[in-house]
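The lines below spell out each chain.
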Amino acid sequence: MKKLIKYAYLTLITGALLTSCSEEDHTGASEMSYSSTAITLTSAQAAYTIDESLIDEDTPSTFTITINASIAQPQPVDATVSFVQSDGTADSSDYSVGEIKIAAGTTSGSTKVEINRTGDIEGTENFSLSAKAGSNFTLASSFNLAVTIENDHVNDILETATTWSGETSFDDASGAVVTLDFCNIDLDVLLFTDAGDFVKYLGATGACTETGAISGLPDGDYFIVLDLYDNPYSSFGVTEALPVTVSYSQDNFASDSFIYDGLTVSSPEGLTAVAVITISGYNYTVTPL
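Read on for an overview of the structure. Bear in mind that the values here come from a model prediction, so they are computed numbers and not experimental data.

Let's talk about the overall build of the chain
When helices and strands are counted, the chain shows 1 helix and 21 strands. Expressed as a percentage of the 289 residues in the chain, the buried residues total 34%.

Below, the structure written as structure tokens:
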């Protein structure tokens, strides 16, 4: 009889130990002590409208939304909250949002929803975010954040890069090999109106790659003009074409380039129009001449 009682006692103790171990998360803290802890989520507003054209990367308030999380008492493990898009026409290219972590021993945490300035033409978009608490925690109440993104920012900057780097060699009258470095030729790049009025430089640094940008100009036709400002080889009589490559790009729009071969290594100083740029709003059409 005593053996049966002892066996039953041991079985009871062993079962209790196994049950206790199953409730551990291997951090030293029992799940039973915080499984019902509720996380409260708040934001300054339930719904936001972001004007994408007014986003200023130096001013976070123009593109970020803060979500705060809190619990009533510190807990022995981290509490986490993740977010998923539950509705709307926007996608992950339009915004980003991180997870909230309330570190063990603290009672609050936060994350930011960041709206991206995409530069593409999409029209008004929207999305809703819902929240999910990490394991062993719950949400005090359902959470939904509604965001509308309107007035798309459209990139209206056309960037240009003009280069003529390279070299050529020939034998002079004495039979010596002469090598000419094209970068010693000084080309400037200018922009003119179709009426012949100077607008701006698209590069005049003396380097053999000149860069510039065009934006904010009235609609119309403009000319990209090369100014052969100084050519130490103009008296050499070398008839080889000077390969001038003009590249242009506009973020979120097409990029392209063309080669103008109307100059030679020995060309005299002067102005040469190489392309027409037609501007219509934020649209640029480049037509090589």
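There's plenty left to go through after this.
A word on the nonpolar core
Core analysis: the largest hydrophobic core is formed by 31 residues, its most contacted members being Ile224 and Ile277. Listing elements by their share of this core, those giving two or more residues are strand S14 (186-193), strand S17 (220-230), strand S18 (244-249), strand S19 (256-260), strand S20 (270-280) and strand S21 (283-288). Not counting residues up to four positions away in its chain, the partners in contact with Ile277 are Leu158, Leu191, Ile214, Gly220, Asp221, Tyr222, Ile224, Tyr284, Thr285 and Val286. Grouped together as the second largest cluster of nonpolar side chains are 29 residues, Tyr95, Ile115, Phe127 and Ala131 included.

A closer look at the side chain of Ser267
Locating Ser267 in the fold gives a position in the loop between S19 and S20. Excluding residues within four positions of it along the chain, Ser267 makes contact with Leu228, Asn231 and Ser234.

Concerning the sheet that holds strand S6 (residues 100-102)
With mixed pairing, 5 strands are arranged side by side in an open sheet as S2-S10-S8-S4-S6. Two strands close off the open sheet at either side, each with one partner strand: strand S2 (47-51) and S6. Strand-to-strand twist across the sheet, computed as the mean angle between neighbouring axes with direction ignored, equals 25°. Bridge analysis of strand S4 (residues 79-88) against S6 gives 3 bridges, and the strand direction is antiparallel. For Ala79, the partnering residue across the bridge sits in S6 and is Ile102.

What to know about the packing of aromatic side chains
Counting across every chain of the model gives 7 aromatic pairs. Consider the rings of Phe83 and Phe143, whose centres lie 6.1 Å apart with planes at 70°: the pair is edge-to-face. On the criterion of sequence distance, the pair formed by Phe83 in strand S4 and Phe143 in the loop between strand S9 (138-139) and strand S10 (144-150) is long-range, its members being 60 residues apart. A residue is classified by how much of its surface remains accessible, and Phe83, at 11% relative accessible area, is buried. The class for Phe143 is buried, based on a relative accessible area of 12%. For the ring pair Tyr233 and Phe236, a centre distance of 5.6 Å and an interplane angle of 75° mean the geometry is edge-to-face. Ring-pair connections join several aromatic residues into one group, and the members of that group are Phe170, Tyr233 and Phe236.

Some words on the state of the cysteines
All told, the structure shown has 1 disulfide when counted by the stated rule. Paired by a disulfide, Cys183 and Cys208 hold their sulfur atoms 2.0 Å apart. Judged by the torsion about the S-S bond (55°), the Cys183/Cys208 disulfide is right-handed. Separated by 25 residues along the polypeptide, Cys183 in the loop between strand S13 (177-181) and S14 and Cys208 in the loop between strand S15 (198-201) and strand S16 (209-214) bring together distant segments of the chain.

Looking at the pairing of strand S8 (residues 125-133)
In the sheet, S4 pairs with S8 via 7 bridges, with the strands oriented antiparallel. Residue pairing across strands places Gln85 opposite Leu129, the latter belonging to S8. Of the pairings in the sheet, the one linking S8 to S10 comprises 6 bridges and is antiparallel in character. In the strand pairing of S10, Leu129 is matched with Leu145.

What counts, and where the lines are drawn
- Residues numbered from 1 in each chain as written.
- Predicted model: local features only at pLDDT ≥ 70, side-chain atom pairs only at ≥ 80, totals over all residues.
- Heavy atoms only, no water.
- Helix = DSSP H or I, 4+ residues; strand = E, 2+ residues; numbered from the N terminus.
- Buried < 20%, exposed > 50% of the residue type's maximum accessible area, 1.4 Å probe, protein only.
- Core = buried A, V, L, I, M, F, W, Y, C linked by side-chain atoms within 4.5 Å.
- Contact = heavy atoms within 4.5 Å.
- Pairing = 2+ DSSP bridges.
- Axes fitted to C-alpha atoms, helices over the stretch in contact; angles between N-to-C directions.
- Phe/Tyr/Trp six-rings, centres within 6.5 Å; stacked < 30°, edge-to-face > 60°.
- Disulfide = S-S within 2.5 Å.

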